[in-house]
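Secondary and tertiary structure notes
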Amino acid sequence: MIDLRSDTITRPVSGMLDAMMQAEIGDDVFGEDPTVNDLEEKIAKIFGKDSAVFCPSGTMTNQIALQVLTSPYEEVICYEGSHVYKYEGGGLAGNSGLSTKLLKGERGRLSLKEISTAINPDDPHFPKSSVISLENTVNKGGGSFYDLKDIHAIHDFARHHDLKMHLDGARIFNALVETGDDPRDYGKCFDTISVCLSKGLGAPVGSVLLCDKTLEKSVRRARKVFGGGMRQAGFLAAAGIYALDNHVDRLVEDHVRARHLGAKLIDRPWVKNVYPVDTNIVIFEVDEEFTAIEVLNILAEKGIQGVVFGPREIRWVTHLDYTDDMMNKTIDIINSLDL
Ligand SMILES: *Cc1c(COP(=O)(O)O)cnc(C)c1O
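Computed from a predicted model, the values in this text were never measured in an experiment. (Residues numbered from 1 in each chain as written. Predicted model: local features only at pLDDT ≥ 70, side-chain atom pairs only at ≥ 80, totals over all residues. Heavy atoms only, no water.)

With that settled, consider the site of the ligand. Every residue near the ligand is listed here: Ser57, Gly58, Thr59, Asn62, His83, Glu135, Asp168, Ala170, Arg171, Cys196 and Lys199. Threonine 59 is positioned with one of its side-chain polar atoms (N or O) 2.6 Å from an oxygen atom of the ligand. Ranked by residue count, the leading element in the shell around the ligand is helix α3 (residues 58-68), at 3 residues. Residue classes in the shell around the ligand are distributed as 2 nonpolar, 5 polar and 4 charged. (Near = heavy atom within 4 Å. Polar contact = N/O pair within 3.5 Å; in protein donor to acceptor, adjacent residues only side chain to side chain. Helix = DSSP H or I, 4+ residues; strand = E, 2+ residues; numbered from the N terminus. Nonpolar A, V, L, I, M, F, W, Y, C, P; charged D, E, K, R; others polar.)

Turning next to the nonpolar core. With 50 residues, the main nonpolar core has Phe47, Leu134, Phe173 and Tyr186 as its most contacted residues. When residues no more than four places from it in sequence are discounted, the contact partners of phenylalanine 47 are Ile172, Phe173, Leu176, Pro183, Arg184, Tyr186, Gly187, Ile193, Val195 and Leu210. Leu261, Leu299, Ile304 and Met327 belong to the second-largest nonpolar core, a separate cluster that totals 26 residues. (Core = buried A, V, L, I, M, F, W, Y, C linked by side-chain atoms within 4.5 Å. Buried < 20%, exposed > 50% of the residue type's maximum accessible area, 1.4 Å probe, protein only. Contact = heavy atoms within 4.5 Å.)

Here the structure, examined in full by the defined rule, presents 3 aromatic pairs. Centroid distance phenylalanine 47 to phenylalanine 173: 5.7 Å. Interplanar angle 65°. Geometry classified as edge-to-face. With phenylalanine 47 in the loop between α2 (34-46) and β2 (51-55) and phenylalanine 173 in helix α8 (residues 172-179), this pair connects stretches of sequence that are 126 residues apart. Here phenylalanine 173 falls in the buried class, since its relative accessible area comes to 7%. (Phe/Tyr/Trp six-rings, centres within 6.5 Å; stacked < 30°, edge-to-face > 60°.)

As for its placement among the helices and strands, glutamate 216 is situated in helix α10 (residues 213-225). Not counting residues up to four positions away in its chain, the partners in contact with glutamate 216 are Ser51, Val53 and Cys211.

It is worth spelling out the domain arrangement of the protein at this point. Looking at the assigned domains, one finds that the protein contains domain 1 (7-246) and domain 2 (250-336). Computed over C-alpha atoms, the centres of domain 1 and domain 2 are 28 Å apart. Taken together, the contacts link 25 residues of domain 1 with 19 residues of domain 2. Roughly 1800 Å² of surface becomes buried between domain 1 and domain 2 when both sides are summed, with 56% attributable to carbon and sulfur atoms. Put simply, domain 1 and domain 2 have 2 salt bridges between them. Between glutamate 178 and arginine 259 there is a salt bridge; the shortest N-O distance is 3.2 Å. At the surface where domain 1 touches domain 2, the tally comes to 10 residue pairs in polar contact (both at pLDDT 80 or more). The dominant element in the side of domain 1 that touches domain 2, judged by the number of residues it contributes, is α8, at 4 residues. (Domains from an automatic or database assignment. Buried area = accessible area lost by both parts, 1.4 Å probe. Salt bridge = Lys/Arg side-chain N within 4 Å of Asp/Glu carboxyl O.)

This paragraph deals with the packing of helix α12 (residues 251-265) against helix α14 (residues 324-336). Between α12 and α14, the shortest axis-to-axis distance is 10 Å and the interhelical angle comes to 10°. By the angle class used here, α12 and α14 are roughly parallel. Contacts from Arg257, His260, Leu261, Lys264 and Leu265 in α12 reach Asp324, Met327, Thr330, Ile331 and Ile334 in α14. Of the residues contributing to the contact of α12 with α14, the split by class is 5 nonpolar, 2 polar and 3 charged. (Axes fitted to C-alpha atoms, helices over the stretch in contact; angles between N-to-C directions. Parallel < 35°, antiparallel > 145°, perpendicular 65-115°, else oblique.)

If you walk across this open sheet you meet the 7 strands as β2-β8-β7-β6-β5-β3-β4, and the pairing is mixed. Here the strands that pair on one side only, and so sit at the sheet edges, are β2 and β4 (99-103). Adjacent strand axes in the sheet meet at a mean angle of 20° when their direction is disregarded. By the bridge criterion, 5 bridges tie strand β3 (residues 75-79) to β4 in an arrangement that is parallel. Across the sheet, the residue bridging to cysteine 78 is leucine 102, located in β4. (Pairing = 2+ DSSP bridges.)

Dropping the structure here:
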């Protein structure tokens, strides 16, 4: 089976497994796991933040961040298709008593103009606008990424209006390898940054929440409350360290393969449209006479898995375990489909 459902399906390579098996461990809830401490220090430094907190998932890091940056009844400004809103089970409302102001964005990227009209007036009718949450790259936007100068502009505006900034950087390294931006510039613009180690970076489990020293204690408290305090988590942190050392630069290979797939898909008569392919996500729309589910089933019979992304949209994600051989096979299969 060729699995293009997600970059979360990657399995640890042998070097990563060795690193995990050799990890020095301790009880991280007591702050005594040296490997977790090393991972946290290493990634905090990359982004120029004081602190990092290792968590089981990106959903948890997002939920913790938006809780510690807000109080109940306040409002989060975010993209209508953002992970924090759409794919976290309603956690913002349930965990933290927050409402959301949903913006359309341009392939999920919010503009300063759109954000500036989304802030509520200081009037007791309205929830207090409290935090701007951006996603980079944007999953629903087909892996689109921000221009750093737009983020700077949003950051200046946020400071001026006393708004906090959170980045859902589940795939931030996919953006960084394309732009060549300095991650420390992101560290300066955002109060909190969530980074997934378990997607294209190829670790089996884990995300990290970056923040300043002043927030670290509340982040660790929230992680405990959410049930995310792990014990001998050094085995997992070792995978994260290995991923940061070995799997960042190679993300460009995934992007090349994704672009290649996009270019081949657009020529197929059963494909109506392919979103621009900026990173490792390929979203395509099937022709009007089909539904996404029908085409997915046909592709699955031929050995290619993807996910439904709309009534006629399919998403493919390239990743560490998707090789050139698999890509060539994928192309042969789509070229031979007679629909
Ligand atoms: C995958 C993902 C997350 C986190 O997902 P988990 O499965 O909880 O680790 C967060 N944001 C985006 C945009 C994602 O794609």
